[in-house]
Amino acid sequence: MADPMRIRAQAAGGKATVRVLMSHEMESGQRKDAAGKTVPAWFIQEVTANLNGKQVLAAEWGPAVSKNPFMQFTIKGAKAGDKVAVTWKDNKGDTRTDEATVS
Amino acid sequence: MQSRRETLKQSAVLAGLLASAGFPQFALAAFNKAGFDAKTVADATKAYGATSMAESKDVTITGPDIAENGAVVPLGASTTLPGVKQLLILVEKNPSTLVATFYVSDAVEANFSTRAKMGQSSDVYAVAIMADGKALWAKKEVKVTLGGCGG
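Residues numbered from 1 in each chain as written. Chains lettered and ligands numbered in written order. Predicted model: local features only at pLDDT ≥ 70, side-chain atom pairs only at ≥ 80, totals over all residues.

Visitor: Explain the sheet that holds strand β7 (residues 111-116) of chain B here, please?
Guide: Strand order in the open sheet formed by six strands is β1(A)-β2(A)-β5(A)-β7(B)-β4(B)-β2(B), with antiparallel pairing between adjacent strands. Looking at strand neighbours, the two that pair on one side only are β1 (6-12) of chain A together with β2 (59-62) of chain B, the edges of this open sheet. Adjacent strand axes in the sheet meet at a mean angle of 15°, parallel and antiparallel pairs treated alike. Alignment of strand β4 (residues 73-79) of chain B against β7(B), held across six bridges, turns out to be antiparallel. Its bridge partner being in β7(B), B:Leu75 is matched across the sheet by B:Thr114. (Pairing = 2+ DSSP bridges. Helix = DSSP H or I, 4+ residues; strand = E, 2+ residues; numbered from the N terminus. Axes fitted to C-alpha atoms, helices over the stretch in contact; angles between N-to-C directions.)

As structure tokens, then:
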């Protein structure tokens, strides 16, 4: 199981800015190991975000997103106390969901 | 007796129905492999159903002029236009051009940032795909001192 995400959601002026830092290797499939073999790609493919259980964002990522990916987005109409949940799924089928409260 | 081909076709249709039923608001949420395999900006955009491309001042790409480390290049895409379906971030000279696609809904602003790997100095693109199939893009050159792919 992967390490937890760090999610920070801050409300200001009727919307909330959400910053997410995920913990993932994001292997590009381009690198070679010491023996000259290509390291297989291993990356987050799908990211979704929910506000109070309702989906607000979906994203697809390729292997070109950096290791330990960062993502920032803004949810309209979110206020302090709302729950933001972020889920990712990688190309090996691993998945993780973490939740944070808008402050 | 059904031929194998018919069976395959039907199961593809069924899979499509299931996918769209699961995500009524995000009908295209199945992973778009064609888009991520594409080698050019135009091909990647087409994989998301865009029919025409035009440069637009209303689409913004943000990024550094010079990135010292190509493994971590902060890139952002945003637009002020209404009716955006998807926002794409692309790096032209990467082995696969497309970095990330964000599906825009009514509940979020069309303004996303993330960090990307860049193999070499290249133009980076933000492409906004509108509800009518038009793709509007903006580009910016980012110089990379140390590449982030291979190694």
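Here the narrative resumes.
Visitor: When you look at unusual backbone geometry in this model, what are you seeing that I'm missing?
Guide: With the exception of glycine, the majority of residues adopt a negative phi angle, and the majority of peptide bonds are in the trans configuration. Residues and elements named next belong to chain A. For Asn 52, which is not glycine, the phi torsion reads 50° and is therefore positive. For Asn 52, the location among the structural elements is in the loop between β3 (44-51) and β4 (54-61). Its 12 C-beta neighbours within 10 Å are what place Asn 52 among the exposed residues. The phi torsion at Asn 68 lies on the positive side, around 50°, for a residue other than glycine. As for its placement among the helices and strands, Asn 68 is situated in the loop between β4 and β5 (70-76). On the basis of neighbour count, Asn 68 is assigned to the partly exposed category, with 16 C-beta atoms found within 10 Å. (Buried ≥ 20, exposed ≤ 12 C-beta atoms within 10 Å, placed from the backbone.)

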